[in-house]
Amino acid sequence: MEFILYLLLIAAFIFSIFTSINVKGTFRKYNKIPSSRGMSAADIARQILDSNGLYNVQVTRVSGELTDHYDPRTNTVALSAPVYDSVSVGAIGVAAHEVGHAIQYAENYTPIRIRMAILPVAQFSSSAWILFFILGIVFNMPILRGVGIGLFAAIVLFQLITLPVEFNASHRALATIKNQGILFGAEYTGAKKTLTAAAMTYVASLAVALLQLLRLIASSRRD
């Protein structure tokens, strides 16, 4: 059983690497295709925010590639340098996705409320679980290993809840892009492929984490 888990974990790692490479390649491909409207991703983000009454949400620029995010603490949609000024279909898709998160917070979307509630636990668990697990092995204390596994399970739960949050943000983005006539035909398809590639990275991360959790449980039971 444990051997099968190892094989599945290796396959999940390979899948994770593929999705990471694919999202960068897909974004770079569609970031070279300009939209017919000629509006920048930052302007599109502002338009969608205003159309939803979110005038208080700011749109800012951040450094890096694919570092785009929505920060609920500052109520800011942060767009990376390759996205902010770009008029490409890929950049517009990314910007609309991040605005989708801002709308989720404004509407008090249930999965994102749950995600925020367990975020502190997940942050603590990400650095603490391995310490407890190793101490449990060194001192032969199953209870410490159990705590380590429990903390890792919290990380898996956080990633599981992240999936509907991300998929919903992309769904909102694509619906808005279509309903407001921001992109048409092949342009819309390009934005959709960009967001789909990004969503698969979350699926891959969850698969790796879940299989790692199962491996830890199997290893603990064997010992």
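Everything discussed here concerns the structure shown above.
Model, not experiment: these values are computed from the prediction.

**Student:** Any chance you could break down unusual backbone geometry for me, citing the residues and the numbers?
**Tutor:** Despite not being glycine, Leu 66 shows a phi value in the positive range, around 55°. Structurally, Leu 66 can be placed in the loop between strand S1 (58-62) and strand S2 (69-71). The class for Leu 66 is partly exposed, based on a relative accessible area of 32%. Despite not being glycine, Asn 75 shows a phi value in the positive range, around 55°.

**Student:** Kindly report on the nonpolar core, identifying the contributing residues and their values.
**Tutor:** Ranked by size, the top nonpolar core spans 33 residues in total, and within it Leu 49, Val 77, Leu 79, Val 83, Ile 177 and Leu 183 carry the most contacts. Mapped by element, the contributors of at least two residues to this core are helix H1 (2-30), helix H2 (41-51), strand S3 (76-80), helix H3 (81-84), helix H4 (89-106), helix H6 (142-179) and helix H7 (185-222). When residues of this core are assigned to their parent elements, the largest contribution, nine residues, is made by H4. Excluding its chain neighbours within four sequence positions, the residues that come into contact with Leu 49 are Leu 54, Val 57, Val 59, Val 77, Val 99 and Ala 102. The next biggest cluster of nonpolar side chains, apart from the first, holds 13 residues, and it includes Trp 129, Leu 151, Val 156 and Leu 163.

Basis of the calculations
Numbers given to residues run from 1 along each chain, matching the order in which its sequence is written. The predicted origin of the model limits local features to residues at a pLDDT of at least 70 and limits the giving and counting of side-chain atom pairs to 80 or more, whereas totals for whole chains, interfaces and linings rest on all residues. Side-chain numbers here rest on the full set of heavy atoms in the structure, without hydrogens or water. The numbering of helices and of strands both runs from the N terminus, where a helix is a DSSP run of H or I of at least 4 residues and a strand a run of E of at least 2. Throughout, exposure labels follow a simple rule: accessible area from a 1.4 Å probe, protein chains only, divided by the maximum for the residue type, with under 20% read as buried, over 50% as exposed, and the rest as partly exposed. Nonpolar cores are built from buried Ala, Val, Leu, Ile, Met, Phe, Trp, Tyr and Cys residues. Side-chain atoms within 4.5 Å join them into one set. What makes two residues a contact is simply this: any of their non-hydrogen atoms within 4.5 Å.

None of this, on its own, says anything about what the molecule does.
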